[in-house]
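One-letter residues, chain by chain:
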Amino acid sequence: MQARTAARSRPAVWLGSAAALVIGLPILLWGVLTKTTPELQWFVALCDGVAFVCMVVVALLGSLDAELRQNWRSLPIVFVACSTAVMWAGHFAVFPGDVPALSGQRFNQAASTLFLTINLLTPLMLSVALLQRGGALARPRGFIVGAVSAGVLLGLVVIAVSVALGPSLQTVSPAGEFLEFDALVGVAGLIPALLGLLAYSVGLHGDERIAGGVLAALTFTALNSISLLYLHARYTPSWYADHVLALLPFAALLAGQLWLYSGSVLAERSAASAVAMASERRRIGLDIAKAMARETDPMPVVDRLLNGVIDALTADRVTMLRLVPEGFVVEHSVDRQGRSANVGVVLSLDSVVAGKRKVVSEAVERQRPIVLGSYRVIGLDSDTEEGHAGILRSVVMPLVRGGTVDGVLIVGRRTHRPFTQADVDQLAELGAIAALVIRNSRLLADAESSSRAKSNFINLAAHEFGTPIAVIRGYVDMIADETLGRLTSEQRGPMDAIRATAADLAERVDQLLIASRLEAGVSPQAVDSDATADLGVVVREAVVRAKDRAALIGAAIEINIPAVPVVAEGSARDIGIIVDNLLNNAMTYSRGPAQVSVEVAGGESPEIRVSDQGIGIPEAAKERIFDQFYRVDDVDFGYPAGTGLGLYIGRRLAERHGGQLLLERSSPDAGSVFTLRLRRPNA
């Protein structure tokens with residue numbers, strides 16, 4: 001009932017009917033009031049031809065709509081268009097003078113009978129079509145052929161009946177004068193037209209998409225039926241008016257279909273544009289999230305976020321505020337012009353104002369973004385300054401996580417170009433990701449303040465994450481291997497990305513678990529004092545594990561292994577973990593394509609040496625690289641993925657087996673050489 005009421009109140013659909021009255025009433029009045037007109041022999045042929053062309057186009061557009069949308073809501077109009085197109089073609093053929101071979105009183109009567117039949121059937125068919133609601137079609141082409149065939153068949157039947165029964169009806173004299181019977185047909189045609197309009201007005205109708213053209217057509221047929229009451233003879237003003245009014249319903253149907261088609265095109269373009277914009281926002285958000293998720297230090301996370309916002313929104317300045325009991329602290333700021341910010345200063349929430357609005361306080365309270373022009377910061381800007389740091393347009397975005405605001409982003413432009421809703425949506429997506437990642441990175445930073453608390457936290461987290469990650473990887477592998485059904489080519493790329501990300505996540509959780517257990521003095525696995533490993537085999541297996549990533553980034557890994565086995569004391573699993581981490585670091589910290597070399601050497605102390613031609617390690621960082629969570633961050637090189645645990649784990653595992661993991665040599669932009677030195681068995 002609500003749907004009907006809403007449909008009843010749509011004024012746009014009634015515009016077609018109103019336009020029909022505006023156009024049709026003057027034509028009707030002209031035909032009634034005008035006394036004489038010239039005889040135009042070509043007039044009927046023109047009207048019949050225009051009506052025929054209109055209906056052919058309507059049939060094509062309706063069929064196209066049914067085919068593309070796989071819905072039969074346009075098929076009733078296709079049926080009406082095909083049947084009336086055939087009828088108008090028949091009227092042209094039998095009208096006196098159009099086709100010399102079809103002349104005489106029989107065809108004269110047939111032309112009049114066919115004209116009256118068209119005027120009677122058209123409002124009836126349109127009213128029935130208006131009631132149809134449509135529905136899904138799995139294979140619309142067969143139904144389209146059926147609607148076209150049925151319409152053509154009906155048109156042919158009407159023509160045949162008109163030719164056969166026309167002489168017996170006597171609707172027109174040989175001189176072209178019409179009888180009173182024609183007026184009765186006019187009244188009969190008025191009834192379905194009015195019923196159709198009434199049905200729509202009370203909500204008894206089907207698809208709104210076809211209603212506009214149909215209502216206009218019904219209005220024209222009602223006016224045409226009225227004009228038949230004043231019809232006396234051919235080539236009179238009322239006759240001309242009647243033919244024009246008989247033509248206009250089909251022009252209205254064509255206009256309705258064109259409006260429908262143009263609306264569909266615009267809607268699809270708008271939808272496609274919205275999808276493309278949403279997809280681009282998600283891509284940008286995911287790229288930034290992926291980069292931020294690789295960090296464990298909060299500041300690189302914040303730095304990546306703000307630079308990502310600057311680029312994504314073509315902004316000039318982005319500032320992050322972290323909420324504290326006193327209000328907020330200016331944590332970080334990025335500015336295209338390099339203008340400094342008062343990082344570390346603590347201000348009240350009410351200090352950021354735009355006019356009389358306390359915009360930061362308002363955004364935090366409402367937990368919604370605020371779009372505004374310039375703003376001032378009380379305590380930083382003077383009373384005479386109109387805007388902070390030259391900003392003319394800005395957005396204040398609270399970073400909300402779990403119903404709690406952790407911080408606020410203020411994004412500004414130094415131009416008068418306003419921020420659009422798409423900009424706000426993009427910032428909201430980045431803000432949601434940032435709130436999660438920044439909170440996690442801060443939690444991790446807080447955990448590092450206490451070694452025991454840190455170890456317990458990591459150990460618990462790794463344990464808790466291990467099972468769901470295993471489940472995720474299991475199902476992802478099943479989907480990727482098409483165990484659960486075939487994947488499309490469009491799905492293959494994202495699925496491979498998910499699979500690789502899940503594997504990367506599992507590897508990081510394993511590293512966290514190993515690191516926490518090593519620090520707590522708990523062995524990741526029982527140490528067998530008699531365990532030995534063939535270093536050549538270990539290296540070959542590690543290179544095989546690294547080949548997928550190497551192929552992805554174009555890295556080359558060269559191995560140099562003696563022909564004879566090089567056996568060392570230690571667990572093959574632990575040594576493999578060490579080599580995995582060394583290979584991963586070598587590829588990560590190389591400007592592509594990475595060139596990595598792995599060499600196995602025997603002797604008193606069996607060794608595995610991993611060399612690269614990467615960015616190298618600064619002198620001041622050479623001892624710290626084996627600390628937990630320490631990472632070499634090069635501003636020019638960027639912030640590559642990693643947890644800062646690989647070398648820490650490697651050294652601790654090497655020491656567990658009486659060996660050493662050393663940085664043999666390294667210098668900036670000249671690469672590094674790491675050496676894993678182990679003991680010979682029974683040494």
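Structure: see above.
Structural notes, computed from the coordinates. It should be emphasised that the depicted structure is a prediction, and the values quoted were computed from it without experimental measurement.

### Considering the sheet that holds strand β14 (residues 607-612)
Logical step 1: The five strands are arranged β11-β13-β14-β16-β15 in an open sheet whose pairing can be described as mixed. The sheet is open, and its two borders are formed by β11 (556-560) and β15 (660-667), each paired with just one other strand. Neighbour-to-neighbour, the strand axes of this sheet turn through a mean angle of 15°, independent of strand direction.
Logical step 2: The pairing of β15 with strand β16 (residues 671-677) spans seven bridges and is classified as antiparallel. From the neighbouring strand, Q660 faces β16, where its bridge partner is R677.
Logical step 3: Set on the sheet, helix α15 (residues 535-553) makes contact with β11, β13 (595-601) and β14; between it and β11 the angle comes to about 170°.
Logical step 4: Where helix α17 (residues 646-656) meets the sheet, it contacts β15 and β16, and its direction lies at approximately 135° from that of β15.

### Description of the packing of helix α16 (residues 572-588) against α17
Logical step 1: Taken N-terminus to C-terminus, the directions of α16 and α17 make an angle of 150°; their axes are 9 Å apart at the nearest point. When the interaxial angle is binned, α16 and α17 end up roughly antiparallel. Along this stretch, α16 crosses α17, giving a crossing that reads as left-handed. Between α16 and α17, the contacting residues are D574, I577, I578, N581, L582 and N585 on the first element and G646, L647, I649, G650, L653, A654 and R656 on the second.

### What to know about α15
Logical step 1: Taking 1.5 Å per residue, 19 residues should reach 27 Å; α15 reaches 26 Å between its end C-alpha atoms and fits that length.
Logical step 2: In the structure, α15 departs most strongly from a straight axis at K547, where the bend amounts to approximately 45°.
Logical step 3: All of the buried residues in α15 are L535, G536, V538, V539, A542, V543, A546 and A550.
Logical step 4: Those residues of α15 that are buried are in contact with β10 (532-534), β11, β12 (567-569), α16, β13 and β14.
Logical step 5: G554 lies just past α15 and shows a positive phi near 75°.

### A look at the pattern of salt bridges
Logical step 1: Inspection of the entire model under this criterion finds 20 salt bridges.
Logical step 2: Residue D335 pairs with R414 through a salt bridge whose shortest N-O separation is 2.5 Å. Of the two residues, D335 is situated in strand β2 (residues 327-335) and R414 in the loop between β9 (404-413) and α12 (421-448); the sequence distance between them amounts to 79 residues. Each member of the pair D335 and R414 is classed as buried.
Logical step 3: Of the charged contacts, one joins R679 and E569 as a salt bridge, the two residues approaching to 2.5 Å between their closest N and O atoms. Of the two residues, R679 is situated in the segment after β16 and E569 in strand β12; the sequence distance between them amounts to 110 residues.
Logical step 4: By sharing partners, the salt bridges in this structure join E599, E607, R609, E664 and R677 into a single network.

The rules we used
Residues numbered from 1 in each chain as written. Predicted model: local features only at pLDDT ≥ 70, side-chain atom pairs only at ≥ 80, totals over all residues. Heavy atoms only, no water. Pairing = 2+ DSSP bridges. Helix = DSSP H or I, 4+ residues; strand = E, 2+ residues; numbered from the N terminus. Axes fitted to C-alpha atoms, helices over the stretch in contact; angles between N-to-C directions. Contact = heavy atoms within 4.5 Å. Parallel < 35°, antiparallel > 145°, perpendicular 65-115°, else oblique. Left-handed = near helix turned anticlockwise from the far one by under 90°. Expected span 1.5 Å × (residues − 1). Bend = angle between axes of the 7 residues up to and from the residue. Buried < 20%, exposed > 50% of the residue type's maximum accessible area, 1.4 Å probe, protein only. Salt bridge = Lys/Arg side-chain N within 4 Å of Asp/Glu carboxyl O.

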